[in-house]
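Per-entry structural report
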Amino acid sequence: FGFLTVLVLLVAVAAVGYFGLNGSNVAVHEYERVSDGALKVVEADRNLTNMRRNTLVYVQSGDEDALKRVRDMGKTVRDDLVSMEAASTAQADREMIKKIAGLVQQFMANLELIVEARTQRDRAVNDVMHPLGEKLRVDISELVDGGVKNYDMDVAAYGGLAQEGL
């Protein structure tokens, strides 16, 4: 009878140990899922910040490499959001991810509007303003030369000021 009692106690200890470790296993897997999700959120945030920074570089300088980086990062962020949505278990999290994905899509659409506006601006500057500025420079130079030749120093002075403004 003593041996049977010890055996039952050993089985009880083994069962408690098994179920305790199994519970720990489940908790560790849940922690892993949550930490992976948090890491993906931080990466998405970092990528969005890089997209904004490169967009600013493109707007200010017209750097095509910055534009390419924004477009590439946009694809990466969209793919990350799709995988985050698939891995999410809570409906509220999925809705938030869908909202963020919509905002990223809107950002990318606005980027294309910026690219179009920048192209139009560059065309206006190069095709209209530069030739007009050159023509003004030539005309003002002729006025200054005419003023100097006719000893009309007011015209020459004002012409010189106008040239300085160009």
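This text gives an overview of the structure that appears in the document.

Analysis parameters
Residues numbered from 1 in each chain as written. Predicted model: local features only at pLDDT ≥ 70, side-chain atom pairs only at ≥ 80, totals over all residues. Heavy atoms only, no water. Helix = DSSP H or I, 4+ residues; strand = E, 2+ residues; numbered from the N terminus. Rg over C-alpha atoms; globule rule 2.2 N^0.38 Å. Contact = heavy atoms within 4.5 Å. Areas by Shrake-Rupley, 256 points an atom, 1.4 Å probe, with all protein chains shown as cover. Lys, Arg positive; Asp, Glu negative; His and termini not counted. Charge placed at Lys NZ, Arg CZ, Asp CG, Glu CD. Salt bridge = Lys/Arg side-chain N within 4 Å of Asp/Glu carboxyl O. Phe/Tyr/Trp six-rings, centres within 6.5 Å; stacked < 30°, edge-to-face > 60°. Buried < 20%, exposed > 50% of the residue type's maximum accessible area, 1.4 Å probe, protein only.

Another aspect to go through is the overall build of the protein. Secondary structure summary: the protein contains 4 helices and 0 strands in total. Ordered by position from N to C terminus, the α and β elements of the protein give α-α-α-α. For 166 residues, the compact-globule estimate of 2.2 N^0.38 gives 15 Å, and the C-alpha radius of gyration of the protein, at 35 Å, exceeds that figure by more than 25%. Projected onto its principal axes, the C-alpha coordinates of the protein cover approximately 135 × 25 × 25 Å. Put simply, 56% of the contacts in the protein that link residues at least 6 apart link residues at least 24 apart. For the protein, the exposed surface amounts to about 12200 Å²; the carbon and sulfur share of it is 64%. Across the protein, the centroid of the 19 positively charged side chains sits 5 Å from that of the 25 negatively charged ones.

A separate point is the pattern of salt bridges. If you walk through the whole model with that rule in mind, you get 8 salt bridges. As a salt-bridge pair, Arg33 and Glu30 come within 2.7 Å of each other at their nearest N and O atoms. Within this pair, Arg33 and its partner Glu30 are both found in helix H1 (residues 2-61), separated by 3 residues, close to a single helical turn. A single network of salt bridges, built from pairs that share partners, joins Arg118, Arg121 and Asp122.

To continue, consider the packing of aromatic side chains. Ring pairs (aromatic) are described by centroid distance and by the angle formed between their planes. Enumeration over the complete set of coordinates arrives at 1 aromatic pair. Seen from their ring centres, Tyr18 and Phe19 are 5.3 Å apart, and the 70° between their planes marks the pair as edge-to-face. One exposure class covers both Tyr18 and Phe19, and it is exposed.

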